[in-house]
Amino acid sequence: MRFTREDRLLFVGDSVTDCGRDREDPASLGDGYVRLIAETLSPSVAVLNKGINGHRVRDLEARWTDDVLAHGPTVVTVLIGINDTWRRYDQGLPSPVPEFEAALGRLLAAAGEKCGARLFVMVPFLLPADPGQETWFEDLDPRAEAVLRAADAHGATVVRTDLALRRAAGEHGAAALAPDGVHPSPLGHRVLAETWLTAAGVTG
């Protein structure tokens with residue numbers, strides 16, 4: 001896939017995408033995978049980061065018009081789902097998978113229909129940092145399958161960040177990639193960026 005000065009790439013999601021961006025500065029990309037992708041692409045390619053810490057799919061849907069559609073992106077990348085799982089375990093806030101899948105589908109449909117955007121969907125991931133997080137997979141695994149179904153239904157390119165991080169953990173150890181199991185280290189973000197670039201057909 002080739003990106004040009006006519007493209008506007010928008011990344012949206014939770015803290016993994018946000019990664020410390022300055023929300024008062026529209027050009028701020030944070031310190032994670034979005035910035036690494038932007039640095040790899042031509043400087044003439046516009047990249048926007050619309051990640052917000054702690055967000056679940058319902059939060060994305062509430063701000064989709066203003067934070068995504070209003071910018072007229074030609075490429076939209078979504079990474080969402082880990083907080084939908086996490087909040088079940090730390091706050092008792094369920095996010096039923098069928099409702100999650102339907103909401104994600106609505107978001108992808110809107111970006112495709114209203115902006116004609118090419119769609120990328122990154123699969124939520126977890127590298128358990130303690131035994132308690134192992135139980136999260138009973139919620140996260142079905143959610144990841146829902147993400148794959150929604151992506152397929154709307155012609156989105158799937159970015160298997162879950163598999164890439166798992167492979168990298170086998171080499172470097174999980175803690176080197178996501179010390180708390182959820183938020184990537186600089187190395188973890190490098191893996192995310194490389195996985196997205198590979199899915200997009202971008203080499204170096």
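For the structure itself, consult the block above.
Conventions and cut-offs
Residues numbered from 1 in each chain as written. Predicted model: local features only at pLDDT ≥ 70, side-chain atom pairs only at ≥ 80, totals over all residues. Heavy atoms only, no water. Core = buried A, V, L, I, M, F, W, Y, C linked by side-chain atoms within 4.5 Å. Buried < 20%, exposed > 50% of the residue type's maximum accessible area, 1.4 Å probe, protein only. Contact = heavy atoms within 4.5 Å. Pairing = 2+ DSSP bridges. Helix = DSSP H or I, 4+ residues; strand = E, 2+ residues; numbered from the N terminus. Axes fitted to C-alpha atoms, helices over the stretch in contact; angles between N-to-C directions. Phe/Tyr/Trp six-rings, centres within 6.5 Å; stacked < 30°, edge-to-face > 60°. Lys NZ or Arg CZ within 6 Å of the ring centre and 35° of its normal.

Glancing now at the nonpolar core. Membership of the largest hydrophobic core comes to 33 residues, with the highest contact counts inside it found for F3, L9, F11, Y33, I37, L41 and W196. Leaving out residues up to four positions away in the same chain, F3 has contacts with L9, L41, V45, V75, R118, W196, A200 and V202. V97, F100, L107 and A110 belong to the second-largest nonpolar core, a separate cluster that totals 30 residues.

This part is about the sheet that holds strand β2 (residues 46–51). In space, the five strands of this open sheet follow the order β2-β1-β3-β4-β5, with parallel pairing throughout. Looking at strand neighbours, the two that pair on one side only are β2 and β5 (157–159), the edges of this open sheet. Pairs of neighbouring strands in the sheet enclose a mean axial angle of 20°, with direction left out of account. The pairing of strand β3 (residues 75–79) with strand β4 (residues 118–122) spans five bridges and is parallel. Considered in β4, the bridge of L79 is made with M122. Along the sheet face, helix α3 (residues 57–67) touches β1 (8–13), β2 and β3 and points at about 160° away from the line of β1. Each of β3 and β4 touches helix α5 (residues 97–115); the most contacted strand, β4, lies at about 155° to it.

Turning our attention to the packing of aromatic side chains. For the structure on display, the rule yields six aromatic pairs. Ring geometry for F3 and W196: centres 5.9 Å apart, planes at 20°, overall stacked. Residue F3 is located in the segment before β1, and its partner W196 is located in helix α10 (residues 186–199); the two are separated by 193 residues in the primary sequence. Relative to W136, the ring of W86 lies with its centre 5.5 Å away and its plane at 40°, an arrangement referred to as tilted. Residue W86 is located in helix α4 (residues 82–90), and its partner W136 is located in the loop between α6 (131–134) and α7 (137–153); the two are separated by 50 residues in the primary sequence. Classification of W136 by relative accessible area gives buried; the value is 7%. Among the aromatic side chains, those forming a connected cluster through ring pairs are F3, F11, Y33, F120 and W196. Positioned above the aromatic ring of W86, the side-chain terminus of R87 is 5.1 Å from the ring centre. Against the face of F100 rests R143, its NZ or CZ located 4.9 Å from the ring centre.

Turning next to the side chain of R87. Relative to the elements of secondary structure, R87 occurs in helix α4. Each residue touching R87, except ones within four places of it in the same chain, is listed here: G54, R56, G92 and L93.

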